[in-house]
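# Overview (structure and organization)
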Amino acid sequence: MKLKKIGGFSIGTLISRVTGMGREIVYAYLFGSSLWMDAFQVAFNIPNLLRDFFGEGGMNAAFVPVFSEFYTKEGKEGANKYLSSFFLPLILVLFFIVFLGIIFSPHIISILAKGFTKNPLQFEVAVKLTRMMFPFLILISLASVVMGILIYFDLFFVTGFYTVFFNISVVMCSFLLYKSLGIFGVAVGVLIGGILQLLFLLFFLPKVGVKLRKPEWGHPGVKQSFKLLIPVFFSFAAGKINVSVTLFLASLLPTGNISHLTYAYRIMQLPLGMFGVAVAAVSLPEFSRKAAENVEQYPYILSALRAVFFLSVPAVFLSISLRVPIVRILYERGAFLFEDSLKTASLLLSYLLGMPFLAGSKVIGNVYFSKKDTKTPMVMSYISMIFNVILSIIMMGAFGAMGLALAVSISALIQFFLLMKPYLKIFKDLKSFFIKIIIASCLGGVPSIFLGRDFNYLFAFFFGLISFTLIFILIGYILKIEEIWKLIKVLKRQ
């Protein structure tokens, strides 16, 4: 797995996630942890339950392997015809889902956020927001297919960067429409942002030689993709049920807990997106090419897992050691108070514990998808989901919102090891690597912990980041971590 490819996607994703954090900062500044923000987070997560399937990996799990097969066997023209034929039924299905979602929004809110039914105003606001934002699903799903094509042709920066347009749109609309529309101005920004990011991606299609042809109804590749989509859909649905369970249970807790959980989850998504999603995005077309060529995948799986843990493990240790300064820098202004920072930071710790396993699951899941095996990940997802539901109910009673976040992390660990069962030999090959990464990360985080206790949070963050990076590289060099030695060689040549 070439870190250069991952780096391109990660840089684009970093810019995207930073602007995404800016979006969350605006939410915190304008709405804090209020009734309005709780309603928005629930409403936005409803189309997102489907968006994460259609827009962030699920669609491509069924699309990219088939596209790769047609491109390998029939060339660009065969792949273009398959793509054109794939778009037609996809658009019809998406319009039908959005139509149902708009009509049944009150029932969906009643199920997913039962606690809102006790507050008629909050319930009404959540329903209106859900109806406004449901069409966003169409836009992000089409963008996902285009993104999968561009990743296949190695346009990694573009595909990591494209959501910047969404984030900027939401931020601008939030400020410009705050006085006139309040929280509904944010929903307007969501729809405009969806349009802008789709147009941005479409601009690059001709550059990779992709042209739409007359669609062929009943194309064999489309049939194959939709057969794969069904178990992929249920696999991703399991993960989204986990999110729904968390929201449902959090809605039974005092006001503000949904917002705190969401703010913490968004921070965790920054390193997950930069590293876990980046490696997964790069690995799927690579695994798919090897599967289409009948090439042994083991070396590529090993390389991908080394990359994802080399990036995610130190990111977790750094984020845990600086969690309070991070939350205070990002959110603590306007309606978001110091007490909110402490609550969010404690939830962030719980989420971060499972982040490497979430990242690893995204990568190893692509191995199954590249072989057109979508049923195994589906089964593992539902086993993990059952554990999450049980743990959430038990741990919420003991730890409140923190218990909900811990349940997500533990279920992520379970899912990762279930998916890794056929590849247990990899753990033996990675044993020394794991030990070295953990030692370097632990030692790197020590100064950050003390800085966070005794110094201004801005000072603690910047000097903690610098000290962690220097110590991690130094220890990694001493322990002869291969990736760090390669990095130093590159820097010396420059």
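Everything numeric in this text was worked out from a predicted model, so none of it was measured.

Now for the overall build of the protein chain. When you go through the protein chain residue by residue, the secondary structure sums to 20 helices and zero strands. In terms of overall size, the protein chain behaves like a compact globule, its C-alpha atoms giving a radius of gyration of 22 Å where 494 residues would be expected to give roughly 23 Å. Principal-axis analysis of the C-alpha atoms gives the protein chain an extent of 60 × 60 × 40 Å. Looking at the protein chain as a whole, 57% of its 494 residues are labelled buried. Of all intrachain contacts in the protein chain linking residues separated by at least 6 positions in sequence, the fraction that spans at least 24 positions is 83%. Carbon and sulfur atoms make up 72% of the accessible area of the protein chain, which totals about 20,600 Å².

A word on the packing of helix α8 (residues 164–181) against helix α9 (residues 184–202). Geometry of a packed helix pair, given as the angle between the helix axes and the separation of the axes. Taken N-terminus to C-terminus, the directions of α8 and α9 make an angle of 155°; their axes are 7 Å apart at the nearest point. By the angle between their directions, the pair α8 and α9 is classed as roughly antiparallel. Crossing of α8 against α9: the hand is right-handed. Residues F165, F166, S169, V170, C173, S174, L177 and L181 of α8 pack against F184, G185, V186, V188, G189, V190, I192, G193, G194, L196, Q197 and F200 of α9.

What follows deals with the packing of aromatic side chains. The description of two aromatic rings rests on the distance between their centres and on the angle between their planes. Scanning the model with the defined rule gives 35 aromatic pairs in all. Aromatic side chains F67 and Y71 sit 6.2 Å apart centroid to centroid with 20° between the ring planes, which places their arrangement in the stacked category. Separated by four residues within a single helix, F67 and Y71 lie in helix α3 (residues 58–103), roughly one turn from each other. On the basis of relative accessible area, Y71 is assigned to the partly exposed category, the value being 25%.

Following the criterion strictly, the structure yields five salt bridges and no others. We note a salt bridge from E482 to R306, for which the minimum N-O separation is 3.9 Å. Here R306 lies in helix α12 (residues 298–321) and E482 lies in helix α20 (residues 482–493), a separation of 176 residues in the sequence. A relative accessible area of 16% places R306 in the buried class. In this structure, the salt-bridge partner of R328 is E332, at a minimum N-O distance of 2.9 Å. One connected set of salt bridges, linked through shared partners, spans R306, E482 and E483.

The biggest cluster of nonpolar side chains holds 149 residues, and the ones touching the most others in it are F40, F63, L201, L305 and Y331. A per-element tally of this core places α3 first, with 16 residues. The contacts of Y331, once residues within four sequence positions are left out, are M21, E24, I25, A28, Y263, R266, I267, F336 and T344.

Residue pairs three or four apart in sequence face the same way in an α-helix, which turns once every 3.6 residues. Along its 22 residues, helix α19 (residues 457–478) runs 31 Å from first to last C-alpha, staying within 8% of the 32 Å computed at 1.5 Å per residue. Two residues or fewer past α19, K480 is found with a positive phi of approximately 60°.

Turning next to a nonpolar patch on the surface. On the surface, a nonpolar cluster with roughly 480 Å² of combined accessible area is contributed by F96, F99, L100, I103 and F104. Mapped onto the elements, I103 comes out in helix α3. Exposure remark for I103: the relative accessible area of 40% places this residue in the partly exposed category.

Packing of α12 against α19 brings their axes to within 11 Å, and their N-to-C directions diverge by 140°. Taken as axis vectors, α12 and α19 run oblique relative to one another. The chirality of how α12 crosses α19 is right-handed. Counting all contacts with α12, which are made through F310, P314, F317 and L318, the residues of α19 involved are G464, L465, F468 and F472. Here the residues of the contact of α12 with α19 sort into seven nonpolar, one polar and no charged.

This part takes up helix α5 (residues 120–133). The terminal C-alpha atoms of α5, which comprises 14 residues, lie 20 Å apart, in line with the 20 Å expected from a rise of 1.5 Å per residue. Every buried residue of α5 is accounted for by Q122, V125, A126, V127, L129, T130 and M133.

Structurally, the position occupied by I386 is in helix α16 (residues 375–399). For I386, a relative accessible area of 46% translates into the label partly exposed.

What follows is about the confidence of the model for the protein chain. When pLDDT is averaged along the protein chain, the result is 83; 93% of the residues meet or exceed 70. At the level of individual helices and strands, the protein chain shows its lowest average pLDDT in helix α2 (residues 35–55), which scores 72, and its highest in helix α17 (residues 401–419), which scores 92.

Here we come to the side chain of E483. Its place among the elements puts E483 in helix α20. Side chain to side chain, E483 and R306 meet in a polar contact 2.8 Å long.

So, how was this worked out
- Note that residues are indexed from 1 along each chain, following the sequence as it is written.
- Predicted model: local features are reported for residues with pLDDT of at least 70 only, side-chain atom pairs are reported and counted for 80 or more only, and whole-chain, interface and lining totals are derived from all residues.
- Only heavy atoms go into the side-chain values, all of them from the structure, while hydrogens and water stay out.
- Numbering of helices and strands runs from the N terminus; a helix is a DSSP stretch of H or I covering at least four residues, while a strand is a stretch of E covering at least two.
- This radius of gyration counts C-alpha atoms alone. The globule rule is 2.2 Å times how many residues there are, raised to the power 0.38.
- The classification of residues rests on relative accessible area computed with a 1.4 Å probe and restricted to protein chains. Under 20% of the type maximum is buried, over 50% is exposed, and intermediate values are partly exposed.
- In what follows, residue pairs with any heavy atoms lying within 4.5 Å of each other are defined as contacts.
- Only the protein chains shown count as covering a residue, and every accessible area follows the Shrake-Rupley method with a 1.4 Å probe.
- Orientation is described by axes fitted as lines to C-alpha atoms, over the contacting stretch for helices, and by angles from 0 to 180 degrees between their N-to-C directions.
- Note that the term roughly parallel is reserved for angles under 35 degrees, roughly antiparallel for angles over 145, roughly perpendicular for angles of 65 to 115, and oblique for everything else.
- Working rule for handedness: look at the near helix, and if it is turned counterclockwise from the far one by less than a right angle, call the crossing left-handed; if clockwise, right-handed.
- Aromatic pairing here means that ring centres of Phe, Tyr or Trp (its six-membered ring) are within 6.5 Å. Orientation follows from the plane angle: under 30 degrees is stacked, over 60 is edge-to-face, and everything else is tilted.
- Take a side-chain nitrogen of Lys or Arg and a carboxyl oxygen of Asp or Glu: if they are within 4 Å of each other, that pair is a salt bridge.
- In this text, buried Ala, Val, Leu, Ile, Met, Phe, Trp, Tyr and Cys residues form a nonpolar core when linked through side-chain atoms within 4.5 Å.
- The span expected for a helix works out to 1.5 Å for each residue beyond the first.
- A patch consists of residues whose relative accessible area exceeds 30% and which take part in no salt bridge; residues with like charges are grouped when within 9 Å of each other, and nonpolar side chains (Val, Leu, Ile, Met, Phe, Trp, Tyr) when within 5 Å.
- Residues are grouped as follows: Ala, Val, Leu, Ile, Met, Phe, Trp, Tyr, Cys and Pro are nonpolar; Asp, Glu, Lys and Arg are charged; all remaining types, including Gly, are polar.
- The predictor's confidence in any single residue is recorded as pLDDT, a number from 0 to 100.
- Whenever two N or O atoms come within 3.5 Å, that pair is a polar contact, provided that in protein one can donate a hydrogen and the other can accept it, and provided that, for residues adjacent in sequence, both atoms are side-chain atoms.

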